[in-house]
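Observations on the model geometry
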Amino acid sequence: MQEVGAAKAARISAGPVTSPAMPIAKVSAIEAESRPTGIGELDRVLGGGVVPGAVILLAGEPGVGKSTLLLEVAAQSARSGQRTLYVSGEESAAQVRLRAGRTDALVDELYLAAETDLGAVVSQVDAVEPAFLVIDSVQTMAHPEVDGAPGGVTQVREVTGALVRLAKERHIAVVLVGHVTKEGAIAGPRMLEHLVDVVLAFDGDRHSGFRMVRATKNRFGPSDEVGCFDMVDTGIVEVTDPTGLFVSEHAEPVAGTCVTVMMEGRRPLLAEVQALVGPSAAPQPRRTTSGLESQRVAMVLAVLGNRAGLKLHDQEVYVATVGGVKITEPVADLAVAIAVASSMMDKPIHPGLIAIGEVGLAGEVRRVGGLEKRLAEAARLGFTKAIIPADIPNRSKDLKPMDIQAKYGLRTFAAPDLRSALIAAGLT
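Residues numbered from 1 in each chain as written. Predicted model: local features only at pLDDT ≥ 70, side-chain atom pairs only at ≥ 80, totals over all residues. Heavy atoms only, no water.

Bringing unusual backbone geometry into the picture now. The omega torsion of the bond from aspartate 136 to serine 137 falls at 5 degrees, within 30 degrees of zero and hence cis. Note that serine 137 resides in the loop between strand E4 (132-136) and helix H5 (153-170). In the Ramachandran plot, aspartate 104 falls in the positive-phi region, its phi being about 60 degrees despite a non-glycine side chain. Mapped onto the secondary structure, aspartate 104 falls in the loop between helix H3 (93-102) and strand E3 (110-114). Phi angles above zero are rare outside glycine, and aspartate 346 is one such case at about 55 degrees. Within the secondary structure, aspartate 346 sits in the loop between helix H8 (333-345) and strand E14 (353-355). (Helix = DSSP H or I, 4+ residues; strand = E, 2+ residues; numbered from the N terminus.)

Shown next as structure tokens:
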């Protein structure tokens, strides 16, 4: 037997190298040090600032404020002495200039260009020689040597790859604006997120001025940080302490309210849960939620009826959060149960009380992560009592219930089950 026509393995000949290999300890890290953007909340998400040569992808829904945020970032970068180039592919230069005048972003070192051809963008970079480059947006750019319409899979991939090479070769920090699909995912090929160094998601409620920037990928810092902003008439401003946006102030205690502490990335935020319970003549009473998962609330209502003895089968229940915040983690289960019980009994709880814990189907109150950060934030804002899970592990690195009052001045009630939590809240 003799093999005929077999393909030979391709051989790769040695080629020139860009720089010789050296021990990793001798590689200088000065060029990769981050530079603050001048916006503290964005620096928090980026891990300290923008790294020269890094490529950042900022994605968000239309009208959420991506261009407004990046124009402010570009202006702050120019104020710090870094020459900045803002390239707009969706608006004319006059339109961007009009918005810059409204947001006080007219700075001498900030250069503006309206281009959709990648070759023209490179020519603008050669002429301006910026240290910071903003492309708004990557879906509007077209590579002159690639077939296809702008925004297509091939065009987006090639344009992004060319901009990444440009950033690495010239040590220019590049920010790309990306579109999103109807499902909220970043438009374009999946490898687009692999090409860039940082992926930021910019989201918020269209009916509210509150905005959040989340890092879903970050090669230079944590990927679970969150930055908070507020859209105002003069542009966008950072919100360093957003807790007050999600907690309402009452002149007197009101039945059907309870405060919990959620975690947005590494940041603890207080959120208020409100409930309204009333009799219903319909065969199937209404269950309405806002800012909470409806299936999670339905489960808590079932546990209240079967484990705590509250008869909710003929009651309409409305549960909502304050300020339009969305709570996705199960830490709000206990607050929902206390708010519903408080509304049904028409009995307000102590105004300085918070509830932290997940409720199980057996009626137990389960532990949650980051308990010490949550309690520290509640104590900082003046809360004096807390209902927490009783099954805190007895390990030195975790906070023990008996240490909380001495450390934060916060009196705690360790509740093993839902019935005990309602008793601790004074709902008996």
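In a structure, side chains of opposite charge can pair up when their charged atoms sit close to one another. Overall, the coordinates contain 17 salt bridges when judged by the stated rule. For arginine 380, the salt bridge identified is with aspartate 241, shortest N-O distance 3.3 Å. Of the two residues, arginine 380 is situated in helix H9 (residues 371-380) and aspartate 241 in the loop between strand E9 (235-238) and strand E10 (257-264); the sequence distance between them amounts to 139 residues. Using a relative accessible area of 39% as the deciding quantity, one classes aspartate 241 as partly exposed. In this structure, arginine 366 and glutamate 364 form a salt bridge, with 2.9 Å as the shortest nitrogen-oxygen distance. One salt-bridge network, held together by shared partners, links Arg296, Asp333, Glu358, Glu364 and Arg366. (Salt bridge = Lys/Arg side-chain N within 4 Å of Asp/Glu carboxyl O. Buried < 20%, exposed > 50% of the residue type's maximum accessible area, 1.4 Å probe, protein only.)

This paragraph deals with the packing of helix H2 (residues 66-79) against H3. Where H2 meets H3, the closest approach of the two axes is 11 Å, and the angle between their N-to-C directions is 70 degrees. One element, H2, and the other, H3, form an angle in the roughly perpendicular class. Here Ser67, Thr68 and Leu71 of H2 lie close against H3, whose contacting residues are Val96, Arg99 and Ala100. Residues of the contact of H2 with H3, tallied by class, amount to 3 nonpolar, 2 polar and 1 charged. (Axes fitted to C-alpha atoms, helices over the stretch in contact; angles between N-to-C directions. Parallel < 35°, antiparallel > 145°, perpendicular 65-115°, else oblique. Contact = heavy atoms within 4.5 Å. Nonpolar A, V, L, I, M, F, W, Y, C, P; charged D, E, K, R; others polar.)

In this section: the side chain of glutamate 377. Relative to the assigned elements, glutamate 377 resides in helix H9. Apart from residues lying up to four places away in sequence, glutamate 377 is in contact with Asp241, Thr243, Pro268 and Leu270.

In the sheet, strand E8 (residues 226-232) pairs with E9 via 4 bridges, with the strands oriented antiparallel. When the bridges of E9 are listed, phenylalanine 229 appears paired with glutamate 238. Counting the residues between successive antiparallel strands, the hairpin from E8 to E9 contains 2 residues. (Pairing = 2+ DSSP bridges.)

Here we take up the UniProt feature "binding site: ATP" (unreviewed entry) in the protein chain. Taken from the UniProt record, the annotation "binding site: ATP" (unreviewed entry) applies to Gly60, Glu61, Pro62, Gly63, Val64, Gly65, Lys66 and Ser67. Among the residues just listed, Glu61 and Val64 line the largest pocket. Mapped onto the fold, glutamate 61 is located in the loop between strand E1 (55-60) and H2. In contact with glutamate 61, other than residues within four places in its own chain, are Lys66, Val180 and Phe202. Relative to the assigned elements, lysine 66 resides in helix H2. Setting aside residues up to four positions removed in sequence, lysine 66 forms contacts with Leu58, Ala59, Gly60, Glu61, Val177, Gly178 and Phe202. (UniProt positions renumbered as here; feature names shortened; annotations may be inferred. 1 Å grid on protein atoms, 1.4 Å probe; cavity = no way out; pocket = protein on both sides within 12 Å on 5 of 7 lines; lining within 4 Å.)

A separate point is the side chain of serine 137. Classification of serine 137 as buried rests on a relative accessible area of 0%. Within the structure, serine 137 has its side chain in polar contact with the side chain of histidine 179 (distance 3.1 Å). Other than its neighbours up to four places away in sequence, serine 137 contacts Gly89, Glu90, Val177 and His179. (Polar contact = N/O pair within 3.5 Å; in protein donor to acceptor, adjacent residues only side chain to side chain.)

What follows deals with the UniProt feature "domain: RecA family profile" (unreviewed entry) in the protein chain. Mapped onto the present numbering, the UniProt feature "domain: RecA family profile" (unreviewed entry) falls at residues 31-180. From the first C-alpha to the last, residues 31-180 spans 32 Å; its make-up is 40% helix and 18% strand.

The next thing to look at is the nonpolar core. Counting residues in each nonpolar core, the largest one holds 62 residues, and the members touching the most others are Leu304, Val319, Leu334, Ile338, Val340 and Ile354. Broken down by element, this core gets its largest block of residues, 8 residues, from H8. If we skip the residues at most four places from it in the chain, isoleucine 354 touches Val259, Val261, Leu375, Ala378, Phe383, Lys385, Ala386 and Ile387. One finds Leu58, Leu70, Tyr86 and Ala105 within the second-largest nonpolar core, a separate group that totals 33 residues. (Core = buried A, V, L, I, M, F, W, Y, C linked by side-chain atoms within 4.5 Å.)

Let us now look at the packing of helix H7 (residues 294-307) against H8. It is at 10 Å that the axes of H7 and H8 come closest, and there the two elements cross at 55 degrees. By the criterion of interaxial angle, the relationship of H7 to H8 is oblique. H8 is crossed by H7, and the crossing has right-handed handedness. Within the contact between the two elements, H7 uses Arg296, Val297, Met299, Val300, Leu301 and Leu304 and H8 uses Asp333, Val336, Ala337 and Val340. In the contact of H7 with H8, the residues fall into 8 nonpolar, no polar and 2 charged. (Left-handed = near helix turned anticlockwise from the far one by under 90°.)

Reading across the sheet, the 9 strands line up as E3-E2-E4-E5-E1-E6-E7-E8-E9 and stay open at both edges, with mixed pairing between neighbours. Edge positions in the sheet fall to E3 and E9, since each of these pairs with one other strand and no more. Within this sheet the neighbouring strands show an average axis-to-axis angle of 25 degrees, counted without direction. Across the sheet, H2 touches E1, strand E2 (84-88), E3, E4, strand E5 (173-178), strand E6 (198-204), strand E7 (210-218), E8 and E9, and the angle it forms with E2 is around 160 degrees. Contacting E1, E4 and E5, H5 runs over the sheet at an angle of about 160 degrees to E5.

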